Amino acid sequence: MEGDAHVARWHHVPVRTTDTSHGKGLGLSLALGSALAFGGSGVAAKPLIEAGLAPLHVVWLRVAAAALVMLPLAVRHRDLPRRRPALLAGFGLLAVAGVQACYFAAISRIPVGVALLVEYLAPALVLGWVRFVQRRPVTRAAALGVVLAAGGLACVVEVWSGLRFDALGLVLALGAACCQVGYFVLADHGGGEGADPLGVIAYGLLVGAVLLTVVARPWEMDWSVLGGSARMNGAAVPAAVLLGWIVLVATVVAYVTGVMSVRRLSPQVAGVVACLEAVVATVLAWVLLGERLGAPQVVGGVVVLAGAFIAQSSAPAKGSAEPLARGEGVVREPAV
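Residues numbered from 1 in each chain as written. Predicted model: local features only at pLDDT ≥ 70, side-chain atom pairs only at ≥ 80, totals over all residues. Heavy atoms only, no water.

**Some details on the overall build of the protein**
In step 1: Scanning the protein from N- to C-terminus turns up 15 helices and two strands.
In step 2: When each of the 336 residues of the protein is scored for burial, the buried share is 53%.
In step 3: When the accessible surface of the protein is totalled, it reaches about 14400 Å², and 69% of it is carbon and sulfur. (Helix = DSSP H or I, 4+ residues; strand = E, 2+ residues; numbered from the N terminus. Buried < 20%, exposed > 50% of the residue type's maximum accessible area, 1.4 Å probe, protein only. Areas by Shrake-Rupley, 256 points an atom, 1.4 Å probe, with all protein chains shown as cover.)

**Here we look at the environment of Leu80**
In step 1: With respect to the helices, strands and loops of the structure, Leu80 is situated in helix α5 (residues 80–83).
In step 2: Between the C-alpha atoms of Leu80 and Val200, which are 120 residues apart in sequence, the distance is 7.5 Å.

**Concerning the pairing of strand β2 (residues 235–238)**
In step 1: Direction of pairing for strand β1 (residues 229–232) relative to β2: antiparallel, over a ladder of four bridges. Bridge pairing in β2 links Arg231 to Ala236.
In step 2: In textbook terms, the turn of a hairpin is the stretch between consecutive antiparallel strands, and for β1 and β2 this stretch comprises two residues, one of which, Asn233, has a positive phi near 55°. (Pairing = 2+ DSSP bridges.)

**Observations concerning the pattern of salt bridges**
In step 1: Taken as a whole and judged by the stated rule, the model has two salt bridges.
In step 2: Between Asp79 and Arg83 there is a salt bridge, and its shortest N-O distance comes to 3.0 Å.
In step 3: Under the relative-accessibility criterion, Asp79 is labelled partly exposed at 30%.
In step 4: On the basis of relative accessibility, which here comes to 24%, the residue Arg83 falls in the partly exposed class.
In step 5: As a salt-bridge pair, Arg217 and Glu220 come within 3.8 Å of each other at their nearest N and O atoms. (Salt bridge = Lys/Arg side-chain N within 4 Å of Asp/Glu carboxyl O.)

**Quick notes on the packing of aromatic side chains**
In step 1: The final tally for this structure, using the stated rule, is three aromatic pairs.
In step 2: Aromatic pair Phe38 and Tyr255: ring centres 5.2 Å apart, planes at 80°, arrangement edge-to-face. With Phe38 in helix α1 (residues 17–39) and Tyr255 in helix α12 (residues 239–264), this residue pair connects regions lying 217 residues apart in the sequence. For the pair formed by Phe38 and Tyr255, the shared burial category is buried.
In step 3: Ring plane angle 90° and centroid distance 6.2 Å describe the contact between Phe91 and Tyr255, whose orientation is recorded as edge-to-face. Of the two residues, Phe91 is situated in helix α6 (residues 85–106) and Tyr255 in helix α12; the sequence distance between them amounts to 164 residues. (Phe/Tyr/Trp six-rings, centres within 6.5 Å; stacked < 30°, edge-to-face > 60°.)

**Considering the confidence of the model for the protein**
In step 1: Taken as a whole, the protein shows an average pLDDT of 75; of its residues, 78% reach a score of 70 or greater.
In step 2: Averaged pLDDT values for the elements of the protein fall to 68 in helix α13 (residues 267–274) and rise to 92 in helix α3 (residues 55–69).
In step 3: The low-confidence segment residues 1–18 (pLDDT under 50) makes 76 contacts with residues lying over four places distant or belonging to another chain. (pLDDT = per-residue confidence, 0-100. Contact = heavy atoms within 4.5 Å.)

**Focus on the nonpolar core**
In step 1: Judged by nonpolar contacts, the single largest core of 86 residues is most densely connected at Leu53, Phe91, Leu205 and Tyr255.
In step 2: Residues in contact with Leu205, not counting those within four places in the same chain, are Val63, Ala66, Ala67, Met70, Val96, Thr251 and Tyr255. (Core = buried A, V, L, I, M, F, W, Y, C linked by side-chain atoms within 4.5 Å.)

**Quick notes on the packing of helix α11 (residues 197–216) against α12**
In step 1: It is at 10 Å that the axes of α11 and α12 come closest, and there the two elements cross at 135°. For the element pair α11 / α12, the angle class is oblique. α12 is crossed by α11, and the crossing has right-handed handedness. Here Pro197, Leu198, Ile201 and Leu205 of α11 come into contact with α12, specifically with Thr251, Tyr255, Val256, Val259, Met260 and Arg263. (Axes fitted to C-alpha atoms, helices over the stretch in contact; angles between N-to-C directions. Parallel < 35°, antiparallel > 145°, perpendicular 65-115°, else oblique. Left-handed = near helix turned anticlockwise from the far one by under 90°.)

Below you can see the structure in the form of structure tokens.
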């Protein structure tokens, strides 16, 4: 995967169950939409890479172009860098540049399936953050959902095939997981005091683009590839169309819906639902790239779905004054 708002005050106010259920339903829909959008990035990026672009160059194009799309929002919220500089820097470093740079560096040393599994240990790390750093209780259902999602994900990516140990590669993949935790935790801090989360996303993309420029060195890129076509399962597709999908859908839409979902659910719940990205990516690769699904992958996808459902439907821990998911039993100040 590949996440964004500012620290705020939350108002704990009793609400009606119907309002809470509606908020969770909307949050779940946004989380699913984000997983669908993020999951389509690899299917569009792979033909570009096979056409001659380096993976880091694709990542740079993705982030830099998305930053340009969101630039009007950055201008509209131009006071954000002065009021929330640390948060904007953290989001750009972790949720944008960190996740993608660490992941692409990891897959250059270890199998993609292993790197993806390690990265999607992030929901378990989020639970650890909630339990041991924030000192808030977590329910057994949420923990079970994480375990099921991680186990199902291992089947989806077929982690047992081609596994080889590379300490640096595994550390880089774990770095991607930690950066993804930063995405969910930072997104959970959105709302209030006039800091629109969309503005923070815009500045996060700008910061990420600057950081990735140093790493990717786009001046060395073969720009002529973008004027031609790439092959997708034997069919020629304009490279510009693929890049447009990556930028507008797999980045702009994905980040916006992802942030809004975290604010209506919780970091741990949205994190487990985000594991569906791997399922989406695998299915799309089967349909669009001709990469067939095996029986273990189908079973694993079902298990991931089950884990996501159990986690998102979990209730606050019994006897706890603090809700497990901030979206349960509290009213938030509207973001936009």
